[in-house]
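# Coordinate inspection notes
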Amino acid sequence: MANLTLNVNGEDREVNVDSSTPILWVLRDHLQLVGTKYGCGIAQCGACTIHLNGTAVRSCSVPVSAAEGKKITTIEGLSDDGSHPVQQAWIEHDVPQCGYCQAGQIMSASALLADNASPSDSQINEAMQGNICRCGTYTRIKAAIKTAAKNA
Amino acid sequence: MSKEIYTDRRSFLKVSSAAGGGLLLGFNFMACETKPDIAQFLEPNLPIPEKWNTMNGFLKIGENGIVTIMSPNPEIGQNVKTAMPMIVAEELDVDWDNVIVEQAGLDTELYERQIAGGSQSIRFGWPGLRKAGATVRHLLVEAAAKELDVPASELTTAKGVIYHKASDRTLGYGDVASAAAGLEVPEEVPLKDPKDFSIIGTSQKNVDGFDIVQGKPLFGLDIYEENMLVAMVEHPPAFGMKIKSMDDSKVRSMPGITDVIRIDVEPEGWNPQWSDVNAYPELIAVVGKTTWEVMQAKKELKVEWEVDTELENSSNHTTAMADLLKSGKGEVARSDGDVDKAFAAADKIIEQTYSAPFLAHNTMEPMNFYANVTGDKAELIGPIQTAQFLETTLEAVLGLPKENVSIMMTRMGGGFGRRLYGHYATEAAMISQKVAAPIKLVYSREDDMTQGTYRPAYMVTYKAGLDAAGNLTAFHIKGAGIPGSPVFANRYPAGAVDNYKVENYKVETNISTGAWRAPRSNFIACAEQTFLDEVAEAAGKDPIEFRLDLFEKAKNNPVGEENDYDAERYAGVLKLVKEKAGWGSDASGVSRGVSAYYCHNSYVAQVLDVEMVDNTPKVKSVCCAVDCGIVINPGSAKNQIEGGIVDGIGHAMYSALTFKDGKPGQRNFDSYRLIRHSEAPDAIDVHFVDNGIDPTGLGEPSLPPIGAALSNALYKATGTRHRSQPFSEEVNLLG
């Protein structure tokens, strides 16, 4: 077990965990930030996507030790009040069905838009390919990303 | 132009911070009778009531006119949590902006059929939800009549306000709610004329949408109660195996681990219900403090397994079904006229076989459940489509009376039929009882995908006879499945062919199976509608005209008595999609396929456009016509249709679960392929038939036909028929 200081959503948080624990489980089990979802545990579904220093990563497959000294942003920290353009676009397009994968989709989409303010269809596909939606909301997600790009 | 900023005020899940710093989720809706903790969920301009008046099981009205509507049924992504309260709100005649929606817990006295299954929530809920709203509106008007000292017949209502025109006086619902709650409830109340609907038929956003995009705790897996432990179970690696012995010495010494136990959720003499499907009732449970610690420890379990029954293989499954279909020894489910004679007289005979593999449900949220069984009480919270059946099971397994068992349904990260089978909740309860602690049972993705309860594997052989003019004179369907046939004997084209026969065959298995989004229809629609395309081609007819001719026959001169469809509504969606898609005006480079199907009481027809890009199919667009009667919430109804289409394309194209020596060959999304962003259609265009008929469901009906629209379009594009799912594994299609 190790005492680690993590910067999560702008705040320093102390945790005492085995340093090989994936960031996902530290967020969920130790910091009660449950917006980041478990879907596959092997970086294949994207439900656990967070930003590490602004880059979208699959938190189920990154040990917490790799986050020391870096900034973690989770869905809870994307905005204080749901006002991030991607969150707003998701509401505008009424994207979610079951909603379980959407935090991960939003984190991938917001990382994409931070990097590329007006992505093409193929750039959207490339950035979002790692996020599975079993309900099949892909066409709405793509439309919402375009709206968010326009409104950002 | 001002941009609307979306804020939340719709739905709440009572969340409070525990003294110990943990997150507590309280679901006991009856506990918030006076001062609900909802301030954080309301807009600043939507004041919190001081007092809620409970009007009936569906409605609470605050003294300030704010209304809480309970959503009775489980929410699995079909959006009934928005649609069902909309129906109540419509008849109550309240402003939807002043409505808060709460998920009801299981209460078999207050509510009927708290089940998510068969696309039936809206269809069955419709009369009761309307009556619940209309009854309370009636009571409010009665109370207002007393207060204003005028006859109730002189009062009208709109948006939560009661008017007396003659004296130009108004009362809000909140002003009279307390008095109305004390009035006698009438047996019958008048319902609105559908032409006066002002909420039904308007697009209202998902009541949980704002919480979802902020990552609020809504799902079973998000439950973290004080002192809660995490449990995981180890089941045998292969169907046909069971536990022989185990060595847990290493696991017990691992960090965070508190217990390793064996459980059997099927006590001797217990009579399981349909919802208790479970291939592995005997399990090993590892219990500990955190999820990751338990996951790590579980890997170190040393278990010796033993073979109990046959270890099955996919290759044998295929052979077994193919052999049976050729045996001619099926169970005849329907026979009209004489198919043998008709085939002998036919000018042309077409015969083809179609197949599909087992599928896992793969809800994005794996199976999980919270249970706290203490002494003579059990509290369960989690994702379940059939809470009322679970209650009966728990009563038997835990040995507790029903009234001591409480079940709260969380929002579910997908259902698709998987959570009709609540063994995981039973396991959670039994583990909690044994370790005497509140626990959350968590399945890993691998546990979830290899546990069973799969969509059965299917194979069907169709044979059609045509006369010289290209008329369909004989139709013979032989259906096989593991463990049962997918054929619905009384569905189209039954009733449209003089000589018609259905034979069913079944192959026994120890692999557990269950309902998977649109059971049986999810395969048979694809096979039937692909075959009809092949027959239409052989008849030299346009595929839509060929189908419409059959509906004419079924409508005007039906064969047999029991035909499970309305030929006019069925033909109606085909005609609508033909018009909306501009059928017959194919763009260059794009190939089109058509398909139509009726299941779960709704009619769907689709035209799919595909383009081959580097020998890989790209679905450009899907045009879809739907007849589900009155559409409650059009925006979200379209979302369901779109989802079913994407889901159906994905599974027909890419997904399969195979077996070797009883062991599933796919354990996670690296080997089990699900459709991803780039493979989804670029555009989906949905059109609803407006006919004012009572509403039917949408969770399933758009999925079954789309596989055939795809295969028929692929045939146009490549010249090859795709008859064996998943299509991407067939030769000459890279996928």
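Residues numbered from 1 in each chain as written. Chains lettered and ligands numbered in written order. Predicted model: local features only at pLDDT ≥ 70, side-chain atom pairs only at ≥ 80, totals over all residues. Heavy atoms only, no water.

## Thoughts on the confidence of the model for chain B
Residues and elements named next belong to chain B. Mean pLDDT over chain B: 92, with 93% of residues reaching 70 or higher. Between residues 9-45, whose pLDDT stays under 50, and residues either more than four places distant or in other chains, the model counts 92 contacts. Reported confidence for the predicted complex is 0.99 by ipTM and 0.95 by pTM. (pLDDT = per-residue confidence, 0-100. Contact = heavy atoms within 4.5 Å.)

## A few points about the sheet that holds strand E2 (residues 11-17) of chain A
Residues and elements named next belong to chain A. If you trace the 5 strands from one edge of the open sheet to the other, you get E2-E1-E5-E3-E4, paired in mixed fashion. Looking along the sheet, the strands with just one partner apiece sit at the ends: E2 and strand E4 (55-58). Recorded for the sheet is a direction-independent mean angle of 40 degrees between the axes of neighbouring strands. Here strand E3 (residues 49-52) runs beside E4; their pairing, made up of 4 bridges, is antiparallel. Bridged to histidine 51 within E4 is alanine 56. On the sheet, helix H1 (residues 23-30) packs against strand E1 (2-8), E2, E3 and strand E5 (71-73) and is oriented at approximately 100 degrees with respect to E2. (Pairing = 2+ DSSP bridges. Helix = DSSP H or I, 4+ residues; strand = E, 2+ residues; numbered from the N terminus. Axes fitted to C-alpha atoms, helices over the stretch in contact; angles between N-to-C directions.)

## Things to note about the domain arrangement of chain A
Residue and element names in this part refer to chain A. Assigned domains of chain A: these are domain 1 (2-77) and domain 2 (85-151). Roughly 1100 Å² is buried in total at the junction of domain 1 and domain 2, and carbon and sulfur atoms are behind 58% of that figure. If you look at where domain 1 meets domain 2, you find 0 salt bridges. Sorting the residues of the side of domain 1 that touches domain 2 by element identifies E3 and E4 as the ones contributing at least two each. (Domains from an automatic or database assignment. Buried area = accessible area lost by both parts, 1.4 Å probe. Salt bridge = Lys/Arg side-chain N within 4 Å of Asp/Glu carboxyl O.)

## Describing the domain arrangement of chain B
Residue and element names in this part refer to chain B. Entries for chain B in the domain assignment read domain 1 (14-213), domain 2 (221-309 + 367-442) and domain 3 (328-359 + 454-729). Each of domain 1 and domain 3 was reduced to a C-alpha centroid, and the two centroids are 40 Å apart. Opposite the 20 residues of domain 1 that make contact, domain 3 presents 18 residues. Between domain 1 and domain 3, roughly 1400 Å² of surface is buried when both sides are summed, and carbon and sulfur atoms account for 55% of that area. Three residues stand out in domain 1 for area buried against domain 3, namely Ser119, Arg123 and Trp126, and they jointly supply 37% of the buried area on that side. Connecting domain 1 to domain 3 are 0 salt bridges. When residues of the side of domain 1 that touches domain 3 are assigned to their parent elements, the largest contribution, 4 residues, is made by helix H1 (residues 80-92). Classifying every residue of the side of domain 1 that touches domain 3 by side-chain character gives 8 nonpolar, 11 polar and 1 charged. (Nonpolar A, V, L, I, M, F, W, Y, C, P; charged D, E, K, R; others polar.)

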